[in-house]
Amino acid sequence: MFTVNENYLKLPGSYLFSTVGKKEREYRAANPDKKVIKLSIGDVTQPIAPAIIEAMHKAVDEMGTAEGFHGYAPDLGYEFLRSAIAKSDYKARGVDIDIDEIFVSDGAKSDSANIQEILGPDNIIAVGDPVYPVYVDSNAMAGRTGEYDSASGMWNKVIYMPCLEENGFAPKLPEKTPDVIYLCFPNNPTGATITKDELQKWVDYANEKKALIIYDAAYEAYISEENVAHTIYECDGAKTCAIELKSFSKNAGFTGVRLGYTVVPKELKSGDVALNPLWARRHGTKYNGAPYIIQRAGEAVYSEAGKAELKKQVAYYMNNAKVIKEGLASAGYSVSGGVNAPYIWLKTLNGMTSWEFFDYLLNEVSVVGTPGSGFGPSGEGYFRLTAFGTYENTVEAIDRLKKLI
Ligand SMILES: *Cc1c(COP(=O)(O)O)cnc(C)c1O
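Okay, so let's go over this structure.

Attention shifts here to the overall build of the chain. Looking only at helices and strands, one finds 13 helices and 17 strands in the chain. Taking 405 residues into account, the globule formula puts the C-alpha radius of gyration at 22 Å, and the chain, at 21 Å, falls close to it. Seen through its principal axes, the chain has C-alpha atoms that stretch 60 × 55 × 50 Å. The 405 residues of the chain split such that 54% are buried. If you take every contact in the chain between residues at least 6 apart in sequence, the share linking residues at least 24 apart comes to 73%. Of the roughly 17900 Å² of accessible surface on the chain, 52% is carried by carbon and sulfur atoms. Measuring between centres, the 42 positive side-chain charges of the chain sit 2 Å from its 52 negative side-chain charges.

Shown next as structure tokens:
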């Protein structure tokens, strides 16, 4: 008889966004006359920029010609894209990343889940709390997280680093030493980030403890403040302790197009063993590459026209973030985030739990957000709103929320 991976059976209940979606659908069905505004899931809404669409069209036409046809892509991704990444995302920031340290993929979600496959089964992971759920769940599937305790909402082998109001929603260095540390700045869900000096402390800590940092920089394009690192490799010594994940989803609207990349520096080693060839082996064995058309679209992200158009898109979302943050703050809500990230982290009203507040907003003003507790126990009593809606809907949603206070 075949058996299943029993780690899957340990995973707690339904996925956060499916519960949010279900409640929203039920509300819509019961209230067909109400206009529901979604400030919940982290998906973009602006159409893909013209320079990118043009590059995709061109690549589509090429594929229909004998000379322009492309089959399987090279294992690490096309050189034209990896060169553009090395130049614009690294060299331009004073960081040297070799093109064979860059692995093109179909996105950061899958990379953040897959990367743990090249790590030993006994590594202890540390995560921020609240956290992007993929880091924990993918390690749970691999049997690395111990047992789940539904009362506390925690796995007994995971080191949770609470991100609380008193530390600006950033984690402190953990007391127990982890082997692998997941960091995401600017952060989803809190919208918080840390300065480059603070990030340097994490890099120094990881090098000292021989720990690995998995650095998720999916929201790098939203950084507006000067003293925030755009890549972890701006910190001294990061190449010996950090893997960086990047995505084209949030900066270029590729959520439905699918493109990302992961940087595994050649200097990064566990003892004598370099991680770069292990990830290359994994990539080559299990992945046949992002489509040519999409990699050409990715290249256009770095063109002059593409950069200018995307700057406007990011500014559009960040203006929404400002509307949310300033609107709610002026009404008396306690809010953070929204300066270097398209997320606003808000305290619920009157001591409500996150889910009570979710139901309250849905039923009173037909606004959908995301309960903070869905991202981890320290998210309880908080709520996430995203700036990815349209400007008009964002303004209307905030006007409705102001009436509740
Ligand atoms: C949206 C997001 C990603 C990007 O995922 P893709 O698979 O590239 O779309 C990665 N990490 C975090 C924290 C995110 O919020």
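Within an α-helix, residues lying three or four positions from one another point in the same direction, as the helix has 3.6 residues per turn. Compared with an ideal rise of 1.5 Å per residue, which puts 15 residues at 21 Å, helix α2 (residues 16–30) spans 22 Å between its outermost C-alpha atoms and is within 8% of the ideal. Listing the buried residues of α2 in full gives L16, F17, V20, G21, E24 and Y27. End-on view of α2: buried residues confined to an arc of 130 degrees, all on one side of the axis. Among the exposed residues of α2, those oriented more than 90 degrees off its buried face are R25, A29 and A30. In this structure, the buried residues of α2 make contact with β1 (37–38), α12 (354–365), β15 (367–368), β16 (370–371) and β17 (382–386).

By the secondary structure assignment, L39 is in the loop between β1 and α3 (50–63). A C-alpha to C-alpha distance of 20 Å links L39 and A221, two positions 182 residues apart in sequence. For L39, the contacting residues outside a window of four places in its chain are V368, G369, R384, L385, T386, T394 and A397.

Take the packing of α3 against helix α10 (residues 292–301) next. It is the contact of α3 with α10, at a shortest axis distance of 8 Å, that shows an interaxial angle of 150 degrees. Between α3 and α10, the angle is such that the two are roughly antiparallel. Considering only the axes of α3 and α10, their crossing is right-handed. Across the interface between the two elements, A51, I52, A55, M56, A59, V60, E62 and M63 from α3 touch Y292, I293, I294, R296, A297, A300 and V301 from α10. Looking at side-chain class alone, the contact of α3 with α10 contains 13 nonpolar, no polar and two charged residues.

Orientation of helix α11 (residues 304–331) relative to helix α13 (residues 391–402), taken along the N-to-C sense of each, is 10 degrees, at an axis distance of 10 Å. On the basis of the axis angle, α11 is roughly parallel to α13. Residue-level inspection shows Y316, N319, N320, V323, I324, G327, L328, S330 and A331 of α11 in contact with α13, the latter providing Y391, E392, T394, V395, I398, L401 and K402. Here the residues of the contact of α11 with α13 are counted per class, giving nine nonpolar, five polar and two charged.

Let us now look at the nonpolar core. I52, I213 and F254 are the most contacted members of the largest nonpolar core, which has 57 residues in total. Element by element, the count of residues in this core is highest for helix α4 (residues 79–90), at six residues. Ignoring sequence-local partners within four residues, the contact set of I213 consists of I181, L183, W202, V203, A206, I232, C241, A242 and I243. Counting residues in each nonpolar core, the second largest holds 44 residues, with I37, L39, Y219 and L362 among its members.

The next subject is the sheet that holds strand β8 (residues 212–216). What the seven strands build is an open sheet, ordered β2-β10-β9-β8-β7-β3-β6; its pairing is mixed. Looking along the sheet, the strands with just one partner apiece sit at the ends: β2 (102–105) and β6 (159–162). Looking at each pair of strands side by side, their axes are set apart by 20 degrees on average, direction ignored. Where strand β3 (residues 125–129) and β6 come together, four bridges link them in parallel fashion. Across the sheet, the residue bridging to A126 is I159, located in β6.

Looking now at the packing of aromatic side chains. For the structure on display, the rule yields 26 aromatic pairs. Residues Y78 and F80 carry aromatic rings whose centres are separated by 5.2 Å and whose planes lie at 10 degrees to one another, so their mutual orientation is stacked. By the ring-pair criterion, three or more aromatic residues cluster together here, those being Y90, Y233, F248, F254, Y261 and Y302. Above the plane of the ring of F80 lies R296, whose end atom (NZ or CZ) is 3.7 Å from the centre.

Moving on, we get to the site of the ligand. If you check the shell around the ligand, you find 14 residues, and the closest are D216, Y219, S249, K250 and R258. Between the ligand and A108 there is a distance of 2.7 Å, counted from an oxygen atom to a backbone nitrogen or oxygen. Between the ligand and Y219 there is a distance of 2.6 Å, counted from an oxygen atom to a side-chain nitrogen or oxygen. The protein chains hide 93% of the 390 Å² of surface that the ligand would expose on its own. When its residues are assigned to classes, the shell around the ligand shows six nonpolar, four polar and four charged.

Here the focus is the sheet that holds strand β14 (residues 343–347). In space, the four strands of this open sheet follow the order β13-β14-β17-β16, with antiparallel pairing throughout. In this open sheet, the two edge strands, each paired with only one partner strand, are β13 (335–337) and β16. The pairing of β16 with β17 spans two bridges and is antiparallel. Its bridge partner being in β17, T370 is matched across the sheet by R384. In the packing of α12 onto the sheet, contacts are made with β14, β16 and β17, and the angle to β17 comes to roughly 50 degrees.

Reading the values: rules and limits
Residue positions are given per chain, counted from 1 along the sequence in the order it is written. Local features in this predicted model are restricted to residues whose pLDDT is 70 or higher, and side-chain atom pairs enter the listing and the counts only when it is 80 or higher, whereas totals over whole chains, interfaces and linings include all residues. With hydrogens and water stripped out, all remaining heavy atoms of the structure feed into the side-chain values. Each helix is a run of DSSP H or I of at least 4 residues and each strand a run of E of at least 2, with the numbering of both proceeding from the N terminus. For a compact globule the rule gives 2.2 Å times the number of residues to the power 0.38, and the radius of gyration it is set against comes from C-alpha atoms. We call a residue buried when its accessible area falls under 20% of the maximum for its residue type, exposed when it is over 50%, and partly exposed in between, using a 1.4 Å probe and counting protein chains only. Throughout, a contact is declared for two residues whenever any of their heavy atoms are within 4.5 Å. Each accessible area value is a Shrake-Rupley result obtained with a 1.4 Å probe; residue values ignore everything except the protein chains displayed when judging cover. Under the counting rule used here, the positive set is Lys and Arg, the negative set is Asp and Glu, and His together with the chain ends is not counted. Charged groups are reduced to one reference atom each: NZ for lysine, CZ for arginine, CG for aspartic acid, CD for glutamic acid. One fewer than the residue count of a helix, multiplied by 1.5 Å, yields its expected span. Picture the helix axis, draw a direction to every C-beta atom, and the arc is the one those directions span. Fitting a line to C-alpha atoms yields each axis, with helices limited to the stretch in contact; the angle taken between N-to-C directions then spans 0 to 180 degrees. The cut-offs work like this: below 35 degrees is roughly parallel, past 145 is roughly antiparallel, 65 to 115 is roughly perpendicular, and the gaps in between are oblique. Two helices crossing with the near one rotated counterclockwise from the far one by less than a right angle form a left-handed crossing, whereas a clockwise rotation gives a right-handed crossing. Only Asp, Glu, Lys and Arg are considered charged in this grouping, and only Ala, Val, Leu, Ile, Met, Phe, Trp, Tyr, Cys and Pro are considered nonpolar; every other residue, Gly among them, is considered polar. Think of a nonpolar core as a cluster: buried Ala, Val, Leu, Ile, Met, Phe, Trp, Tyr and Cys residues, connected wherever their side-chain atoms sit within 4.5 Å. At least two DSSP bridges between two strands are needed for those strands to be called paired. Whether two aromatic rings pair depends on their centres lying within 6.5 Å, for rings of Phe, Tyr and Trp, where Trp uses its six-membered ring; planes under 30 degrees apart make the pair stacked, over 60 edge-to-face, and the rest tilted. Think of it as a cone above the ring: NZ of Lys or CZ of Arg counts as a charge over the ring if it is within 6 Å of the ring centre and within 35 degrees of the ring normal. Near is defined per residue: the residue qualifies when any heavy atom it owns lies within 4 Å of the molecule or strand. Under the rule applied, a polar contact is a pair of N or O atoms within 3.5 Å (in protein, one hydrogen donor and one hydrogen acceptor; residues adjacent in sequence only if both atoms are side-chain atoms).

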